[in-house]
Amino acid sequence: MYWLVAGTLLVYFVIWFIISKIKQKYSLVDIAWGGGFVVVAWTGFLATFSMTTQNITMLILVTIWGVRLFWHLARRNWNKPEDYRYVNMRKRWGTSWVNVKAFLNVFVLQGVLLFIIALPITHTFANETITFQWWQMVGIILWLIGFIFEVGGDLQLENFKKNSANKGKLLTTGFWSLTRHPNYFGEALSWWGVFLVALTEITDSWLLISPALITLLLLFVSGVPLLEKKYQDREDFKKYAKKTSKFFPIIGKKGL
């Protein structure tokens, strides 16, 4: 199962590399991220076609999460100029072996990270079980709370930006009053939920690598730090940061 998923992801990201070359925009790989998890889930399901409660639950949760993120980023990024992060990458790469560098540093890297984070999904379909424990129900609840934060945060930000009167302003209400990054917090929490759904016995604890990795990436690498750095010198952001948690939704408290 693991090799099947790895091979399928390789094909998937090769296709997205070709699409990105045609569009001359490597940042399209961000759109591929959510869809990649859906590919993993359906690859596992179709390979086993097992209709256990755990398998169906995993398939539904991952499909809803992945399709929503795929559609959200596709609407936002498909026709926009290339993201500044990828523009900077191009500058660092120079002119030699650009395609190879792009494929390895962007698409293969994302594929490897996706494979690791998706391990609870793959493990669920590779290790069929008919039992469904109380902590798996807790996992569904955590996934749902995370999904609400992620989708709610994205929708509020999108509507905020549509209003021309808000140009140059910060969104500090709704979910954004609970945490400075509700969408990233929600994404991380959803994956802790997925982990619990995949957990059937103590020997599955190694699957912690999945939610731990996505949380660390969002909190310290690719998500929160980039936006915090972008706004750190603004006075309105400094005031906002003093009263709003960076990541975990703790009302009125500064910190993580």
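Quick notes on the rules
- Residues numbered from 1 in each chain as written.
- Predicted model: local features only at pLDDT ≥ 70, side-chain atom pairs only at ≥ 80, totals over all residues.
- Heavy atoms only, no water.
- Phe/Tyr/Trp six-rings, centres within 6.5 Å; stacked < 30°, edge-to-face > 60°.
- Buried < 20%, exposed > 50% of the residue type's maximum accessible area, 1.4 Å probe, protein only.
- Helix = DSSP H or I, 4+ residues; strand = E, 2+ residues; numbered from the N terminus.
- Polar contact = N/O pair within 3.5 Å; in protein donor to acceptor, adjacent residues only side chain to side chain.
- Contact = heavy atoms within 4.5 Å.
- Domains from an automatic or database assignment.
- Buried area = accessible area lost by both parts, 1.4 Å probe.
- Salt bridge = Lys/Arg side-chain N within 4 Å of Asp/Glu carboxyl O.
- Nonpolar A, V, L, I, M, F, W, Y, C, P; charged D, E, K, R; others polar.
- UniProt positions renumbered as here; feature names shortened; annotations may be inferred.

## Examining the packing of aromatic side chains
Phase 1: A full pass over the atoms with the stated rule returns 23 aromatic pairs.
Phase 2: Here Phe-17 and Tyr-26 contribute two aromatic rings whose centre-to-centre distance is 6.4 Å and whose plane-to-plane angle is 5°, an arrangement assigned as stacked.
Phase 3: Overall, Phe-17 belongs to the buried group, its relative accessible area being 14%.
Phase 4: Ring geometry for Phe-17 against Phe-107: centres 5.3 Å apart, planes inclined by 80°, an arrangement best described as edge-to-face. Taken together, the residues Phe-17 in helix 1 (residues 2–23) and Phe-107 in helix 5 (residues 98–117) connect sequence positions 90 residues apart. The pair formed by Phe-17 and Phe-107 is uniform in burial state, with each residue classed as buried.
Phase 5: Through successive ring pairs, a cluster of aromatic residues spans Phe-149, Phe-175, Phe-185, Phe-247 and Phe-248.

## Remarks on the side chain of Ser-190
Phase 1: Locating Ser-190 in the fold gives a position in helix 8 (residues 182–198).
Phase 2: From its side chain, Ser-190 meets the backbone nitrogen of Phe-147 in a polar contact 3.2 Å long.
Phase 3: Filtering out sequence-adjacent residues up to four positions away, Ser-190 remains in contact with Trp-65, Leu-142, Trp-143, Gly-146 and Phe-147.

## Describing the side chain of Ser-245
Phase 1: With respect to the secondary-structure elements, Ser-245 resides in the segment after helix 11 (235–243).
Phase 2: A distance of 2.4 Å separates the side chain of Ser-245 from the backbone oxygen of Phe-248, its partner in a polar contact.

## Describing unusual backbone geometry
Phase 1: In this model, Gln-24 sits at a positive phi of 55°, which is unusual for a non-glycine residue.
Phase 2: Locating Gln-24 in the fold gives a position in the loop between helix 1 and helix 2 (29–48).
Phase 3: Residue classification places Gln-24 among the partly exposed positions, given a relative accessible area of 49%.
Phase 4: Phi is positive for Phe-49, which is not a glycine, with a value near 50°.
Phase 5: Within the fold, Phe-49 resides in the loop between helix 2 and helix 3 (53–77).
Phase 6: Residue classification places Phe-49 among the exposed positions, given a relative accessible area of 54%.

## Some words on the domain arrangement of the chain
Phase 1: With domains assigned, the chain is organised as domain 1 (1–129) and domain 2 (133–255).
Phase 2: Listed by partner, the interface residues are 24 residues for domain 1 and 27 residues for domain 2.
Phase 3: Roughly 2300 Å² of surface becomes buried between domain 1 and domain 2 when both sides are summed, with 73% attributable to carbon and sulfur atoms.
Phase 4: At the boundary of domain 1 with domain 2, the tally comes to three salt bridges.
Phase 5: Salt-bridge contacts for Arg-68 lead to Asp-154; the nearest nitrogen and oxygen are separated by 3.0 Å.
Phase 6: At the surface where domain 1 touches domain 2, the tally comes to eight residue pairs in polar contact (both at pLDDT 80 or more).
Phase 7: Residue assignment for the side of domain 1 that touches domain 2 shows that the elements contributing at least two residues are helix 2, helix 3, helix 4 (84–93), helix 5 and helix 6 (119–126).
Phase 8: The leading source of residues in the side of domain 1 that touches domain 2 is helix 3, at ten residues.
Phase 9: Counted by class, the side of domain 1 that touches domain 2 contains 15 nonpolar, six polar and three charged residues.

## Describing the pattern of salt bridges
Phase 1: Scanning the model with the defined rule gives seven salt bridges in all.
Phase 2: Notably, a salt bridge pairs Glu-150 with Arg-68, separated by 3.4 Å at the nearest N-O pair. In this pair, Glu-150 sits in helix 7 (residues 134–162) while Arg-68 sits in helix 3, placing the two residues 82 residues apart along the sequence.
Phase 3: Note on Glu-150: relative accessible area 2%, which makes it buried.
Phase 4: Under the relative-accessibility criterion, Arg-68 is labelled buried at 17%.
Phase 5: Linked through salt bridges whose partners overlap, the residues forming this network are Arg-68, Glu-150 and Asp-154.

## Observations regarding the UniProt feature "transmembrane region" (unreviewed entry) in the chain
Phase 1: The positions UniProt marks with the feature "transmembrane region" (unreviewed entry) are residues 6–22, 31–50, 95–121, 133–152 and 206–227.
Phase 2: What you have in residues 95–121 is 85% helix and 0% strand, and the ends, taken at the C-alpha atoms, are 39 Å apart.
Phase 3: Secondary structure over residues 133–152 splits into 95% helix and 0% strand, and the C-alpha atoms at its two ends are 29 Å apart.

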